[in-house]
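# Topology and contacts: notes
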Amino acid sequence: MGRGYIVEDAVEGYLSKLCEQQPGPVTGLLIGQSSTQRDFVIMATRTPQREESMAAAGSSVDKEWVTEHARQVSRMLPGGLSVLGVFIITDTDAKDTLTTLRQLVFAVENLISLEHLWVPADDDVTDCVTLHVNPKTRKTICRTFDVKDPKSMAKPADWKYQSGVCSSWSMMSCCLNVDMLVPLPTRAGPENMDTSLNEGLKVWAHHIQSGACLIDGKKLPEDTELTGGQKRNVRQTYTAQLLVTPDDLRSPDVVQQCGGSVSVRGVIHSRAYIHSNKPKARLAEKLLKRDVVSTVATRVQMLLEELQVSEEESNGSRKHKQQTEQFCLPRRIFCPVKVSGPVCVCDYQFSDEGQSEVTERLKEMLDIDAAEEDLDTRQETPSEIIKEDVAAEPTVETHEALEPKRNNYVGVAMATAAALLATAASMLYLNDV
């Protein structure tokens, strides 16, 4: 017997509409949550059309575009939600389609996992789902592949539609103070910069993973059932605290030669959704910690991508400046997946963007028709750069520790040039409090 997939019935309606709208092959992603016994699919989203390839697309599948879409979507999913697999709508021969789906699901998983900064757990589900829908007969074929096994063969899976799949899922949220310092190499360059930041984020992620998690003020045993003693099919909300050992208490001071540094400071809002099939405290803690790591790493990466574009547009005219620069990381905004009950997806808004740009990205990436009033902007408020007289020296000015507060988010300050190629100190501010 293969894995079982409990699927929100709105997904069936969504796939049916796609069958009617386009005659050619349509690809997309399946989003939900895995558990040991079964997986839950709460939404599907088609791959957006790529303008430059529309004319020449024909009946082929743009694998590179599908995987890049999956990477972008993965960044927009809070804790507990992930890309579970891919679907394709085509009347092409089932055998040829299965080969395409296998290539897609492995490519998607490989690209998404590159951005993961946590160590996989023993209980992580490694099976990913593929779904083939024939637009003429509406017949569906569901198969899974173990994406950690390169030689994995297709295994049959049970695909069952059901209403209200996540209507009673629990939600756990927390605010966390972030204060991270990452040294930069003496020889500055894009590759060295990315490597140093990635290593620094991995070290910080390890500290988050090893921190203690209090749920509603209590440290629960790992096997405690979260919904124990609660009414069946009633949604629960929990407030968590992550207790992480400060940097200055972890290890002795170390002198390290470097050409600059990046400081990430501020407060983030994190949340995780947990399925209602007898979830344990261990699962809730794992999902929340992964969301904390993911949301910080995503914002830093997004800022670096913005700075790289800015540097290219300026033709590198600023790369030799020696100074400290401050930047605000984008704030996190949530949007409910209306057909799926209380569960939300998220997006990241830079200070120079309006809410209309957020709704446009939600439509393009997740095919969600969201109005600006649907957006939850209360969890993190925009930060402001504090004007300071900062000397052009390779040091980071110290600030008082920020206390976690609701309605605030993380910002970044970097003491490097726009492409972060100069040898100077940098700070990234997540938020002002």
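### Comments concerning the packing of aromatic side chains
Considering all chains together, one arrives at four aromatic pairs under this definition. For the ring pair Y5 and W159, a centre distance of 6.2 Å and an interplane angle of 35° mean the geometry is tilted. Residue Y5 is located in strand 1 (residues 4–8), and its partner W159 is located in strand 8 (residues 158–162); the two are separated by 154 residues in the primary sequence. As far as the burial class goes, Y5 and W159 line up, both buried. A ring pair is formed by W159 and Y161, whose centres lie 6.1 Å apart and whose planes are at 90°; its orientation type is edge-to-face. Relative accessible area serves as the criterion here: at 25%, Y161 is assigned to the partly exposed category. Grouping aromatic residues by their ring pairs yields a cluster made of Y5, W159 and Y161. The cationic tip of R271 hangs over the ring face of F334; the distance from NZ or CZ to the ring centre is 3.8 Å.

### Regarding the packing of helix 3 (residues 63–75) against helix 4 (residues 94–114)
Packing of helix 3 against helix 4 leaves a shortest axis separation of 9 Å and a crossing angle of 45°. It follows from the interaxial angle that helix 3 and helix 4 lie oblique. Crossing angle aside, the handedness with which helix 3 passes helix 4 is right-handed. Where helix 3 abuts helix 4, its residues K63, V66, T67, E68, A70, R71 and S74 lie against Q103, L104, A107, V108, L111 and I112. Broken down by class, the residue content of the contact of helix 3 with helix 4 amounts to seven nonpolar, three polar and three charged.

### Some words on the nonpolar core
Core analysis: the largest hydrophobic core is formed by 89 residues, its most contacted members being W204, V345, L362 and L366. The greatest single-element share of this core, amounting to 14 residues, is contributed by helix 7 (residues 281–313). Once residues lying within four places of it in the same chain are set aside, the contact partners of L362 are M76, C335, V345, D367, I368, A370 and L375. Counting 20 residues, the second-largest nonpolar core is a separate cluster that includes L15, V26, F87 and C142.

### As for the pattern of salt bridges
One pass over the full model with this rule turns up 28 salt bridges. Between D376 and R271 there is a salt bridge, with the nearest N and O atoms lying 4.0 Å from each other. Of this pair, D376 sits in the loop between helix 8 (355–366) and strand 16 (380–381) while R271 sits in strand 12 (residues 260–274), placing them 105 residues apart in sequence. Judged on exposure class, the residue D376 and its partner R271 are both buried. Two residues, R378 and D376, come together in a salt bridge whose shortest N-O distance is 3.1 Å. Residue D376 is classed as buried on the basis of its relative accessible area of 12%. Ionic contacts of the salt-bridge type, sharing partners, join the residues E68, R71, R75, E115 and E305 into one network.

### Points about a negative patch on the surface
Taken together, the side chains of E51, E306, D352, E357, E360 and E364 present a region of like negative charge at the surface. Looking at the secondary structure, you find D352 in the loop between strand 15 (344–349) and helix 8. Classification of D352 by relative accessible area gives exposed; the value is 67%.

### Here's the deal with the pairing of strand 12
Within strand 12, 15 of the 15 residues are buried, leaving the element largely enclosed by the surrounding structure. Here 15 bridges tie strand 9 (residues 170–184) to strand 12, and the two strands are oriented antiparallel to one another. What sits directly across from V178, in strand 12, is G266.

### Concerning the sheet that holds strand 4 (residues 82–89)
Strand order in the open sheet made by the eight strands is 7-6-5-4-2-3-1-8, with mixed pairing throughout. Each having just a single partner strand, strand 7 (155–156) and strand 8 make up the two edges of the open sheet. Both strand 2 (residues 26–34) and strand 4 contribute to a ladder of seven bridges, which runs antiparallel. Bridge pairing in strand 4 places G32 opposite S82. Together, strand 1, strand 2, strand 3 (38–46), strand 4, strand 5 (127–133) and strand 8 form the strand contacts of helix 1 (residues 9–21), whose direction differs from that of strand 3 by roughly 35°. Helix 4 contacts strand 2, strand 4, strand 5 and strand 6 (140–146) of the sheet and is inclined by roughly 155° relative to strand 4.

### Re the environment of T90
Looking at where T90 falls in the secondary structure, it is placed in the loop between strand 4 and helix 4. Classification of T90 by relative accessible area gives buried; the value is 7%. Those residues in contact with T90 that sit more than four places away from it in its chain are P25, T97, H132, V133, N134 and P135.

Calculation notes
- Residues numbered from 1 in each chain as written.
- Predicted model: local features only at pLDDT ≥ 70, side-chain atom pairs only at ≥ 80, totals over all residues.
- Heavy atoms only, no water.
- Phe/Tyr/Trp six-rings, centres within 6.5 Å; stacked < 30°, edge-to-face > 60°.
- Helix = DSSP H or I, 4+ residues; strand = E, 2+ residues; numbered from the N terminus.
- Buried < 20%, exposed > 50% of the residue type's maximum accessible area, 1.4 Å probe, protein only.
- Lys NZ or Arg CZ within 6 Å of the ring centre and 35° of its normal.
- Axes fitted to C-alpha atoms, helices over the stretch in contact; angles between N-to-C directions.
- Parallel < 35°, antiparallel > 145°, perpendicular 65-115°, else oblique.
- Left-handed = near helix turned anticlockwise from the far one by under 90°.
- Contact = heavy atoms within 4.5 Å.
- Nonpolar A, V, L, I, M, F, W, Y, C, P; charged D, E, K, R; others polar.
- Core = buried A, V, L, I, M, F, W, Y, C linked by side-chain atoms within 4.5 Å.
- Salt bridge = Lys/Arg side-chain N within 4 Å of Asp/Glu carboxyl O.
- Patch = residues over 30% accessible without salt bridge, like charges linked within 9 Å, V, L, I, M, F, W, Y side chains within 5 Å.
- Areas by Shrake-Rupley, 256 points an atom, 1.4 Å probe, with all protein chains shown as cover.
- Lys, Arg positive; Asp, Glu negative; His and termini not counted.
- Charge placed at Lys NZ, Arg CZ, Asp CG, Glu CD.
- Pairing = 2+ DSSP bridges.

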